[in-house]
Amino acid sequence: IARVDAPKSPALATQIAFSPDGELLYVGVRGDNSSGVATVSVKSRKVVASLEKLHERSHPYPHSLVVSPDGKRLLEGNQDQTGLVLDTAQLGRRN
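Because the structure is predicted, anything quoted here is derived from the model rather than measured.

1. Describing the nonpolar core
A17, L24, Y26, V37, L65, V67, L74, L86 and L91 together form the largest nonpolar core, which totals nine residues. Mapped onto this core, the elements with two or more residues apiece are β2 (24–31) and β5 (62–67). Dropping the residues within four chain positions of it, A17 is found in contact with L24, L25, Y26, L65 and V67. In this structure, L25, V27, V29 and V40 belong to the second largest nonpolar core, which totals five residues.

2. Some words on a nonpolar patch on the surface
A grouping of V66, L75 and V85 is seen on the molecular surface, where their side chains present a nonpolar patch of about 270 Å² in accessible area. Examined against the element boundaries, V66 turns out to sit in strand β5. Residue classification places V66 among the partly exposed residues on the basis of a relative accessible area of 49%.

3. Comments concerning unusual backbone geometry
In this model, R45 sits at a positive phi of 65 degrees, which is unusual for a non-glycine residue. Secondary-structure assignment places R45 in the loop between β3 (35–41) and β4 (47–52).

4. What about the pattern of salt bridges?
Per the counting criterion, the structure on display carries one salt bridge. R73 is the salt-bridge partner of D87, the closest N and O atoms lying 3.7 Å from each other. Residue D87 is located in strand β7 (residues 83–87), and its partner R73 is located in strand β6 (residues 73–78); the two are separated by 14 residues in the primary sequence. Overall, R73 belongs to the partly exposed group, its relative accessible area being 41%.

What counts and what doesn't
- Residues numbered from 1 in each chain as written.
- Predicted model: local features only at pLDDT ≥ 70, side-chain atom pairs only at ≥ 80, totals over all residues.
- Heavy atoms only, no water.
- Core = buried A, V, L, I, M, F, W, Y, C linked by side-chain atoms within 4.5 Å.
- Buried < 20%, exposed > 50% of the residue type's maximum accessible area, 1.4 Å probe, protein only.
- Helix = DSSP H or I, 4+ residues; strand = E, 2+ residues; numbered from the N terminus.
- Contact = heavy atoms within 4.5 Å.
- Patch = residues over 30% accessible without salt bridge, like charges linked within 9 Å, V, L, I, M, F, W, Y side chains within 5 Å.
- Areas by Shrake-Rupley, 256 points an atom, 1.4 Å probe, with all protein chains shown as cover.
- Salt bridge = Lys/Arg side-chain N within 4 Å of Asp/Glu carboxyl O.

Pasting the structure below:
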């Protein structure tokens with residue numbers, strides 16, 4: 001068991017999902033002024049990339065994260081009842 005600190009402070013991790021190879025952890029984050037998805041290296045326990053303000057409405061936050069079996073896409077289901085398909089290359093995925 002290892003501790004991984006929140007990507008921003010103050011922030012709340014709303015959802016988490018591992019990459020298929022277990023090297024990365026995708027974290028849905030809700031902060032005071034923004035929300036989005038952060039990518040954490042499991043090995044270093046540090047944030048390697050993040051995407052913020054993914055939605056136009058004020059303060060929506062990720063309710064679900066699902067990684068495709070090939071690890072190339074991340075589906076983010078949001079509080080505002082929308083979903084986004086994200087390219088994991090933008091989230092630190094090394095292909």
